[in-house]
Amino acid sequence: MKIAVCVKHVPDATVTKRIDPGTKRLDRSGEGALNPFDTQAVEEALRIKERDGDGEVVLVSMGPERALDSLRKALAMGADRAILVSDEQVAGSDLVATSRVLAAVLEREGADLVVFGQQGGDSDGAVLGAAVADRLRRPIISQVAELEIAGGKLKGKRQTEFGYDVIEAPLPAVVAVSDAINEPRYPSLKGIMGAKKKPQETLSVGDLGLEAGNLGEAGSRTSVLALNDPPARGDALKIEDDGSAAEKIADFLAERKLL
Amino acid sequence: MIAVFLEHHEGELQKGALGVLAKAAQLGDEVAGVVLGSGVKDLAARAGRFGAAKVFVADDPALEAPLPQPRVDALAQLVHEQDVDTILFAVSVLSADVAAGLAARLDAGLNWDLVDLASDNGNLVGKRPALEDTVYVDVGWTGETRLAMFRPGTFDPVETGGEAEVIDLSPQFVDFSTQATMLEQAHAESEGPSIEDADVIVAGGRGLGSPENFSLVEALAKALGGAVAATRAVVDAGWYPYATQVGQTGKTVSPKLYIACGISGAIQHKVGMQGSGVVIAINKDPNAPIFEYADLGVVGDLNEIVPKLTQLVEQRK
């Protein structure tokens, strides 16, 4: 089975994120990393391939050249090859524009299964899977916490506000996995060494036959108008445990008559 | 006209969606509700009482299960056939997939995670907290159709007692939309004391490291006379029962004291507990978002701190 996993290069969790006041976009110049929510998607794809004993796991991403670092991390986990759409014309793409680019790559790849992570670690959106599924005209199951594939069908168990649903869909299909679906593996040394030699293709918008007017800011249908300070909140206290944290918490509770 | 997607469950319109309806009605112009399902005509009539001037109803067996794609078909048709240019959603597992699919289908802008909406000479402006709520971003739409999703619990429903004009839709479904089928809907029974009424909640997340370590959380909760809660990640991993889950999926709680142990504090968790009085967070990761909204944040090893705290609470109470 051919499995495509959509992944994103996001600012590293240790970097203090900021929005550039000029472009009103997230400043992506600092250290980046593979979106943590995407590691579960990669892991799940690898497990399916390992269970089947054959198949291919293809990574698909859109982002700056630096995103290759994140793709190499996923290749080191065990994915077979990577495709990065890197083009100035896609910068600033919102959901409609991004889903258009990814769908174009996925159409070309024709995978049996497309896997997304739960959400973007930078945008907090959990929307790209369903948007891409609509463009590909394929069924989507989102928030999947347990996935079974047999007889050309996939069965996903997922949590909603009301309990658990079990949903079935025929392949080809799109799933977005929950971050509870698995514990992603760490790349082995051998995996890291081998990742550099795996096929890594960089595509431009022209390679995909897409028109610039449908992409980037021009192709987006949302805009950022202004940045404001958040409403004022009370002073937060943050301490490092030096062995006395439990006492400090107990004192804090006593001061507020919560003990 | 603005239309609000009115999600329903077991014959009840959902509170979050009715809250969004109330907000939309405040913006001035007439607002429509949209009810999609099977055997839902009665529900449609009820939406009038919460501020809808019109209610569009699609009553079709293909809309029986709460699956997103047939709903995308119905809403796309609504935009094409009726005078509707804006659709608002209270975020949920279902509505996020519906809104996202619809954005792609209609090439329409979708802004999510909004906490407010204002009308500026007919131009809608949404307010979206970003970067762990350290920045409030004003967002807009540039296309003809506007889609927006709001954080849960953002607005309260307002009962106006009005009556809505009910308009039937006859949706046509595209081939791929009805391919997914619902095999089971297992709805969690509530078990044990409800966390919604507790004055004190001690909650555990993935940072506990193992299901066994919930005993640390349980002991502290017992010493404080409180209840135990859990995050979605650990509930989904089978560490703790669904009935104790706090967050966007799960319960919304507002205890006087909320102690978060090993919880990173993603926005999905925050929305379930932001009404708490005092929040204390214990986490070994100094960058955990939970510290942004904890009154007291402790960076350290909960395996050391929590048992010591339990002992101190027992001594001092």
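Just so we're clear, the structure is a prediction, and the values are computed from it rather than from any experiment.

What follows deals with the overall build of chain A. Broken down by element type, chain A carries six helices and 13 strands. Expressed as lengths along the three principal axes of its C-alpha atoms, the size of chain A is roughly 65 × 45 × 40 Å. Counting every position in chain A, which comprises 259 residues, the buried fraction comes to 52%. Looking at chain A alone, contacts between residues at least 24 apart form 71% of all its contacts between residues at least 6 apart. When the accessible area of chain A is evaluated, it comes to approximately 11,200 Å², of which 49% is carbon and sulfur surface. Separation between the mean location of the 34 positive side-chain charges and that of the 42 negative ones in chain A comes to 2 Å.

This part is about the overall build of chain B. Within chain B one finds eight helices and 18 strands. The globule rule puts the C-alpha radius of gyration for 317 residues at 20 Å, and the 22 Å found for chain B is close to it. For chain B, the C-alpha atoms occupy an extent of roughly 65 × 45 × 40 Å along the three principal directions. Looking at chain B alone, contacts between residues at least 24 apart form 62% of all its contacts between residues at least 6 apart. With the model as given, the accessible surface of chain B reaches about 12,200 Å², and the carbon-plus-sulfur share is 44%. When the 22 positive and 43 negative side-chain charges of chain B are each reduced to one mean point, those points stand 7 Å apart.

How big an interface is tends to be expressed through the accessible area that disappears when the partners come together. Residue and element names in this part refer to chain B. When cut into domains, chain B gives domain 1 (2-178) and domain 2 (195-316). One C-alpha centre belongs to domain 1, the other to domain 2; they are set 33 Å apart. Between domain 1 and domain 2 the total buried area reaches about 600 Å² when both faces are included, carbon and sulfur atoms providing 62% of it.

Turning to the nonpolar core, a few remarks are in order. Residue and element names in this part refer to chain B. Of all hydrophobic cores here, the largest spans 40 residues; its most connected members are Leu 75, Phe 89 and Leu 110. Looking at this core element by element, the count peaks at nine residues for helix α4 (residues 93-106). Excluding residues within four positions of it along the chain, Leu 75 makes contact with Phe 5, Val 34, Leu 36, Ile 87, Phe 89, Val 98 and Leu 102.

The terminal C-alpha atoms of helix α8 (residues 302-316) of chain B lie 20 Å apart, and with 15 residues this matches the ideal 21 Å at 1.5 Å per residue to within 8%. Restricting attention to buried positions, one finds in α8(B) the residues Leu302(B), Ile305(B), Val306(B), Leu309(B), Thr310(B), Leu312(B) and Val313(B). Where α8(B) is buried, its residues meet α6 (245-255) of chain A together with α5 (214-224), β16 (257-261), β17 (278-283) and β18 (296-299) of chain B. Its side-chain oxygen 2.9 Å from the backbone nitrogen of Asn303(B), Asp301(B) forms the N-cap of α8(B).

At the interface, 91 residues of chain B touch 80 residues of chain A. A buried area of about 7,100 Å², summed over both sides, lies between chain B and chain A, and 57% of it is on carbon and sulfur atoms. Linking chain B to chain A there are seven salt bridges. Ionic pairing is found between Arg105(B) and Asp134(A), a salt bridge with its closest N-O pair at 2.8 Å.

Residues and elements named next belong to chain B. Taken together, the seven strands give an open sheet; going across it, the order is β7-β11-β6-β1-β4-β5-β12, and neighbouring strands pair in parallel fashion. Lying at the two open borders of the sheet, with one neighbouring strand each, are β7 (109-114) and β12 (165-169). The mean inter-strand angle of the sheet, taken between neighbouring strand axes irrespective of direction, is 25 degrees. Note that strand β5 (residues 54-59) and β12 share five bridges and pair parallel. Along β12, the bridge assignment pairs Lys 54 with Glu 165. Sitting on the sheet, helix α3 (residues 68-81) touches β1 (2-5), β4 (31-37), β5, β6 (86-90) and β12, and the angle it makes with β4 is about 145 degrees.

Thresholds, definitions, all that
Residues numbered from 1 in each chain as written. Chains lettered and ligands numbered in written order. Predicted model: local features only at pLDDT ≥ 70, side-chain atom pairs only at ≥ 80, totals over all residues. Heavy atoms only, no water. Helix = DSSP H or I, 4+ residues; strand = E, 2+ residues; numbered from the N terminus. Buried < 20%, exposed > 50% of the residue type's maximum accessible area, 1.4 Å probe, protein only. Contact = heavy atoms within 4.5 Å. Areas by Shrake-Rupley, 256 points an atom, 1.4 Å probe, with all protein chains shown as cover. Lys, Arg positive; Asp, Glu negative; His and termini not counted. Charge placed at Lys NZ, Arg CZ, Asp CG, Glu CD. Rg over C-alpha atoms; globule rule 2.2 N^0.38 Å. Domains from an automatic or database assignment. Buried area = accessible area lost by both parts, 1.4 Å probe. Core = buried A, V, L, I, M, F, W, Y, C linked by side-chain atoms within 4.5 Å. Expected span 1.5 Å × (residues − 1). Polar contact = N/O pair within 3.5 Å; in protein donor to acceptor, adjacent residues only side chain to side chain. Salt bridge = Lys/Arg side-chain N within 4 Å of Asp/Glu carboxyl O. Pairing = 2+ DSSP bridges. Axes fitted to C-alpha atoms, helices over the stretch in contact; angles between N-to-C directions.

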